[in-house]
Each structure stands twice: as structure tokens, then as C-alpha cells.
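What follows is each chain in one-letter form.
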Amino acid sequence: VGDFLKMLEQQPYKNVAVFAHRGLLMGVVRYILGVPELPNSAILCDNCAINAVEFDGKTWCILALNYGKTF
């Protein structure tokens, strides 16, 4: 996940959508927070929830985590 995000940091993309399972999303959150050992139970991540992050050219920021309701 870290390698993927580092690759995105180098690209000129303005917006990118990633559709993924919980495991990958947890990796994104861990990478952004800088907490590689964060347990899965520490973060709520439901099916079909929206997670939004932003890269400002220097740092990542979590804008929304587990937004929306599950079906």
C-alpha cells in the first residue's frame, strides 16, 4: 500500500478513485497515520463505506472515514 501511495504522490493526477476491500483500506489508513501496527479493530470500515483522502503535495490527510451506511 505504501508503494502504491508513493507512486500516486509522483503522478500529476488531480483525482483518483480506488475501490478496494477492507484490508487495503486499512493499509491506506495505517500509512497516512504512520501507525503500521494499528489493529484492525481500531478503525471502523464497513462494506460500501466511503473513505476520502487527500495529498497536498507534501502530506496525506484523511477527509472522511467510513462515511455512509452499509446496505
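As shown above, the structure is provided for reference.
Residues numbered from 1 in each chain as written. Predicted model: local features only at pLDDT ≥ 70, side-chain atom pairs only at ≥ 80, totals over all residues. Heavy atoms only, no water.

A. Fine view of the overall build of the protein chain. Looking only at helices and strands, one finds two helices and two strands in the protein chain. Put simply, the protein chain runs from its N terminus to its C terminus through helices and strands in the order α-α-β-β. Here the protein chain has a C-alpha radius of gyration of 12 Å; the compact-globule value for 71 residues is 11 Å, and the two agree. With respect to the three principal axes, the spread of C-alpha positions in the protein chain is 35 × 25 × 15 Å. A burial count over the protein chain gives 23% of its 71 residues as buried. Contacts spanning at least 24 positions in sequence make up 28% of the contacts within the protein chain whose residues lie at least 6 apart. Total accessible area computed for the protein chain in this model is approximately 5,500 Å², and 56% of it derives from carbon and sulfur atoms. Measuring between centres, the 6 positive side-chain charges of the protein chain sit 4 Å from its 6 negative side-chain charges. (Helix = DSSP H or I, 4+ residues; strand = E, 2+ residues; numbered from the N terminus. Rg over C-alpha atoms; globule rule 2.2 N^0.38 Å. Buried < 20%, exposed > 50% of the residue type's maximum accessible area, 1.4 Å probe, protein only. Contact = heavy atoms within 4.5 Å. Areas by Shrake-Rupley, 256 points an atom, 1.4 Å probe, with all protein chains shown as cover. Lys, Arg positive; Asp, Glu negative; His and termini not counted. Charge placed at Lys NZ, Arg CZ, Asp CG, Glu CD.)

B. Representation of the pairing of strand β1 (residues 50-55) within the structure. Here five bridges tie β1 to strand β2 (residues 60-67), and the two strands are oriented antiparallel to one another. Note that in β2 the partner of I50 across the bridge is Y67. Between β1 and β2, which pair antiparallel one after the other, the connecting turn spans four residues, and G57 there sits at a positive phi close to 105 degrees. (Pairing = 2+ DSSP bridges.)

C. Region of interest: a nonpolar patch on the surface. Judged by side-chain polarity, V1, F4, M7, Y13, V16, V18 and L24 come together as a nonpolar surface patch covering roughly 580 Å² of accessible area. Tracing the backbone through its elements, the reader meets F4 in helix α1 (residues 2-9). (Patch = residues over 30% accessible without salt bridge, like charges linked within 9 Å, V, L, I, M, F, W, Y side chains within 5 Å. Salt bridge = Lys/Arg side-chain N within 4 Å of Asp/Glu carboxyl O.)

D. Main features of α1. Regarding α1, the residues found buried are G2, L5 and L8. Within α1, the buried residues cover an arc of 125 degrees as seen down the axis, which keeps them to one side. Buried residues along α1 sit against α2 (22-33) and β2. (Arc of directions from axis to C-beta.)

E. Just the layout of surface pockets, in detail. Roughly 940 Å³ of internal volume is contained in the largest pocket. Lining the largest pocket are 37 residues, with V16, A17, V18, N51 and V53 sitting closest to its centre. Of all the secondary structure elements, the ones that give two or more residues to the lining of the largest pocket are α1, α2, β1 and β2. Looking at the lining of the largest pocket, its residues break down into 25 nonpolar, six polar and six charged. (1 Å grid on protein atoms, 1.4 Å probe; cavity = no way out; pocket = protein on both sides within 12 Å on 5 of 7 lines; lining within 4 Å. Points joined across faces, edges and corners; volume = space filled by probe spheres on them. Nonpolar A, V, L, I, M, F, W, Y, C, P; charged D, E, K, R; others polar.)

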